[in-house]
Amino acid sequence: MSEISMSQVQELIRKECNAIGDMLVAKNKAYGNSAIEPERVFSKADPIEQLNVRMDDKLSRIKKGESAGEDPEFDLIGYLILKRVAKKVLNGKEGKAGLTNFVEKAAGHE
């Protein structure tokens, strides 16, 4: 491996983080808040659990070496960030009671 300066590595870190942020914002524009406010057509799981399932799928693809033209590591990082965002959004709704109310409202059980 060639020598690389700390500032070069820091710039690469910034570029990777910006690329992930750009991808998440683009998908949010395209699909709305579906990661935090899913449609719940089939699954009634809360948003955090749904993100956990998506991350399990990505980890399975990484383990099996099956990418189908996607970048599962990049996607996994995106889901981890979405999970952090979801926790902040849902915790802003009065903690666990707020999450329960949020899930029930989203599922149409008000």
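Note that the coordinates shown come from a computational prediction; the quantities given were computed from them, not determined experimentally.

Conventions used here
Residues numbered from 1 in each chain as written. Predicted model: local features only at pLDDT ≥ 70, side-chain atom pairs only at ≥ 80, totals over all residues. Heavy atoms only, no water. Salt bridge = Lys/Arg side-chain N within 4 Å of Asp/Glu carboxyl O. Helix = DSSP H or I, 4+ residues; strand = E, 2+ residues; numbered from the N terminus. Buried < 20%, exposed > 50% of the residue type's maximum accessible area, 1.4 Å probe, protein only. 1 Å grid on protein atoms, 1.4 Å probe; cavity = no way out; pocket = protein on both sides within 12 Å on 5 of 7 lines; lining within 4 Å. Points joined across faces, edges and corners; volume = space filled by probe spheres on them. Nonpolar A, V, L, I, M, F, W, Y, C, P; charged D, E, K, R; others polar.

### As for the pattern of salt bridges
When their charged atoms lie close together, side chains carrying opposite charge are able to pair.
Right, so step 1: All chains considered together, the criterion is met by 3 salt bridges.
Right, so step 2: Between Lys58 and Glu70 there is a salt bridge; the shortest N-O distance is 3.1 Å. Placement of Lys58 in helix α2 (residues 47-64) and of Glu70 in the loop between α2 and α3 (72-91) is noted, with a sequence separation of 12 residues between them.
Right, so step 3: With relative accessibility at 28%, the residue Glu70 sits in the partly exposed group.
Right, so step 4: Among the charged side chains, a salt-bridge network with shared partners connects Lys58, Arg61, Glu70 and Asp75.

### Looking at the layout of surface pockets
Right, so step 1: Estimated volume of the largest pocket: approximately 370 Å³.
Right, so step 2: What lines the largest pocket is a set of 18 residues, and nearest its centre among them are Leu24, Lys27, Asn28, Ala35 and Leu82.
Right, so step 3: Looking at the lining of the largest pocket, the elements with two or more residues in it are α1 (6-31) and α3.
Right, so step 4: Split by residue class, the lining of the largest pocket holds 10 nonpolar, 5 polar and 3 charged.

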